[in-house]
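Report on the structure
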2 protein chains.
Amino acid sequence: MVEWESVLHDAAERVQEVRDKLVSAREGTERIGEGAGGDITMRVDQEAEQEIIAVLKQKGDVRIVAEEQGETGPKDARWTVIVDPIDGSSNFERGIPFYCTSIAVLEGRTLDDTKHGLVRNLVNGDTYYAQAGSYATKNGAEIKTSTLQNLREATVGIDISRTTLPVVKSLNVLIASIKRQMHFGANALETCFLAEGRLDGFLDIRGRIRIMDMAAGQLIAKQAGAVFSDERGGPLRPAISVKERFSVVGGGNSTLHAHILAKLKG
Amino acid sequence: MVEWESVLHDAAERVQEVRDKLVSAREGTERIGEGAGGDITMRVDQEAEQEIIAVLKQKGDVRIVAEEQGETGPKDARWTVIVDPIDGSSNFERGIPFYCTSIAVLEGRTLDDTKHGLVRNLVNGDTYYAQAGSYATKNGAEIKTSTLQNLREATVGIDISRTTLPVVKSLNVLIASIKRQMHFGANALETCFLAEGRLDGFLDIRGRIRIMDMAAGQLIAKQAGAVFSDERGGPLRPAISVKERFSVVGGGNSTLHAHILAKLKG
């Protein structure tokens, strides 16, 4: 039996060391190429992912789906580990202090098979972890989502970057209905803000989010009480592939989730 | 001659101590009433403002325009000091690590008479300061705005919280034209992100921004190279009053500022 919780903490700790070293040396933002996921690869992305993979490779029967190197390991492996070494690379590049590492472990071939998820805020070290069927934690203490029941008072993370006019327009009614629209630029970490009740909702309906951004965060938020769907209210069923893109609508509870969805339809 | 730079640093340091004490004690978010600016007053707002005012009161001929207590001191004073003890109070309340203190000194009766501005990020202590006609600094080192010339690659802070459907719609074309829309929930600090080139633009066209949010930040950003106007391209001419509300459009340089304005018109 692999002790996934300690494996994920070890891997995240090694990413933290890479990040700290590169920030101190004012390095890390050198552009190296393009990752398997299609984004620009910086030195920090590459070195962080190498550290995570070095830890995972010791664990045997593992398939890895990772932002930079793509998919490796046996297709019939018992475990699939989904890695985004640095979510929020653009923030890292510009010095905006909001980015994280995200690692999820699946036992099976769907997002619902996610068994362990860890997201670490690389700016301040806050570490979110959940195990399926258990509870969600931040730095070891249990966290819960918001119990807010109305949109009028809601603070919602909404990603409307790099998108089209129709997508922007489809969010007008929702944005005019809530108290605060926020976007920090690292969706895995923003999903953890939903998990701990700092945000009442989180959505990205651009059809651009990737499993590397969401696998760990959605487990953590669900275990803390969040409800997720696609933009039409259907279940999240992305393929477990580095190329997959989908949309996600999350609420801190089922009432708020339904209110958010209703404003997307109107 | 008042040494305003050291006075502002002293005041901000005392606010930092108040914030640190209240965060350690898990206090600070107790709601006390409503400030002169119309927002809910929490304990942290009140205690922070008292510290700033205690420092300013030693300086003699000063009129104070402050978020919580409103306007005090002689109307014909040489200096007007504009104070927002905690910009981003809602973030403070929810544990979102993005809020600041903002203090500006005017010699005259208009925003263009702002002579000194200081914004301190109360989460990590980063301190932005500028003197009119000089340069802008962060932690003592000179900062400059972005030199980006096109919207397609631009990261823009846009506040679309607590607003109406027409305002949201008026931003659709701009949002669909840029690379990233962000909003962190403390506009004084977001304006400093513009000043140091972390953001390429910053705007709030809701007609809700207050001089307490903007006086220090706009000086710091202008001294670093930013260009500001109202939502139609006219000069910023808010009344120096705690009740005043206006709109602001900022770009890291004149080209980007013009591109942003053009997308608001069509």
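Residues numbered from 1 in each chain as written. Chains lettered and ligands numbered in written order. Predicted model: local features only at pLDDT ≥ 70, side-chain atom pairs only at ≥ 80, totals over all residues.

1. A look at the overall build of chain A
- Each helix and strand in chain A was counted, giving eight helices and 15 strands.
- Computed over the C-alpha atoms, the radius of gyration of chain A is 17 Å, within 12% of the 18 Å expected from 2.2 N^0.38 for a compact globule of 266 residues.
- Dimensions of chain A, computed from C-alpha atoms along their principal axes, come out at roughly 50 × 40 × 35 Å.
- Residues counted as buried form 56% of the 266 residues belonging to chain A.
- Residue pairs at least 24 apart in sequence account for 65% of intrachain contacts in chain A once pairs closer than 6 positions are excluded. (Helix = DSSP H or I, 4+ residues; strand = E, 2+ residues; numbered from the N terminus. Rg over C-alpha atoms; globule rule 2.2 N^0.38 Å. Buried ≥ 20, exposed ≤ 12 C-beta atoms within 10 Å, placed from the backbone. Contact = placed C-beta atoms within 7 Å.)

2. Description of helix H2 (residues 43–57) of chain A
- In this model H2 of chain A runs 21 Å from its N-terminal to its C-terminal C-alpha over 15 residues, within 8% of the 21 Å that 1.5 Å per residue would give.
- Residues of H2 of chain A that are buried: Val 44, Asp 45, Gln 46, Glu 47, Ala 48, Glu 49, Glu 51, Ile 52, Ile 53 and Leu 56 of chain A. (Expected span 1.5 Å × (residues − 1).)

3. A word on the domain arrangement of chain A
Residues and elements named next belong to chain A.
- Once the domains are mapped, chain A shows domain 1 (4–142) and domain 2 (151–265).
- At the junction of the two partners, domain 1 supplies 37 residues and domain 2 supplies 26 residues.
- Those elements that provide at least two residues to the side of domain 1 that touches domain 2 are strand E4 (70–72), strand E5 (79–87), helix H3 (89–94), strand E6 (100–106), strand E7 (114–121), strand E8 (127–131) and strand E9 (136–138).
- Across the side of domain 1 that touches domain 2, the residue classes break down as 19 nonpolar, twelve polar and six charged. (Domains from an automatic or database assignment. Nonpolar A, V, L, I, M, F, W, Y, C, P; charged D, E, K, R; others polar.)

4. Focus: unusual backbone geometry
- Despite not being glycine, Arg 26 of chain A has its phi angle at roughly 55°, a positive value.
- Relative to the elements of secondary structure, Arg 26 of chain A occurs in the loop between helix H1 (4–24) and strand E1 (31–34).
- In this structure Arg 26 of chain A comes out as exposed when scored by C-beta crowding, with 7 C-beta atoms within 10 Å.
- The phi dihedral of Asn 139 of chain B is positive, around 50°, even though this residue is not glycine.
- Tracing the backbone shows Asn 139 of chain B in the loop between strand E9 (136–138) and strand E10 (141–142).
- You can call Asn 139 of chain B exposed: it has 10 C-beta atoms within 10 Å.

5. Section: the confidence of the model for chain A
- Averaged over chain A, the pLDDT score is 95; the fraction of residues at 70 or greater is 99%.
- ipTM for the predicted complex: 0.95, alongside a pTM of 0.96. (pLDDT = per-residue confidence, 0-100.)

6. Observations concerning the relation of the copies chain A and chain B
- Of the two same-sequence chains, chain A is brought onto chain B (RMSD 0.0 Å, axial shift 0.0 Å) by a rotation of 180°. The transformation just described matches what one would write down for a two-fold rotation axis. Within chain A, His 183 of chain A has its C-alpha nearest the rotation axis, a separation of 2.5 Å.
- Comparing interface residues between copies, 100% of those in chain A also lie at the interface in chain B; the contact surface is shared. (Least-squares fit on C-alpha atoms with pLDDT ≥ 70 in both.)

7. Here we look at the nonpolar core
- Ile 103, Ala 195 and Ile 220 of chain A together with Ile 103, Ala 195 and Ile 220 of chain B are the most contacted members of the largest nonpolar core, which totals 170 residues.
- Residues contacting Ile 220 of chain B, with those up to four places away along its chain left out, are Gly 117, Val 119, Tyr 128, Ala 130, Ala 136, Cys 192 and Ala 195 of chain B. (Core = buried A, V, L, I, M, F, W, Y, C linked by C-beta atoms within 7 Å.)

8. Topic: the sheet that holds strand E13 (residues 201–209) of chain A
Residue and element names in this part refer to chain A.
- What the five strands build is an open sheet, ordered E12-E11-E13-E15-E14; its pairing is mixed. Bordering the open sheet on either side are strand E12 (180–182) and strand E14 (227–229), each of which pairs with just one other strand. Going across the sheet, the axis of each strand differs from the next one's by a mean of 20°, ignoring polarity.
- Along the sheet, helix H6 (residues 187–195) contacts strand E11 (155–158), E13 and strand E15 (246–251); its crossing angle with E13, the most-contacted strand, is approximately 155°.
- Across the face of the sheet, helix H8 (residues 254–265) comes into contact with E13, E14 and E15 while running at roughly 130° to E15. (Pairing = 2+ DSSP bridges. Axes fitted to C-alpha atoms, helices over the stretch in contact; angles between N-to-C directions.)

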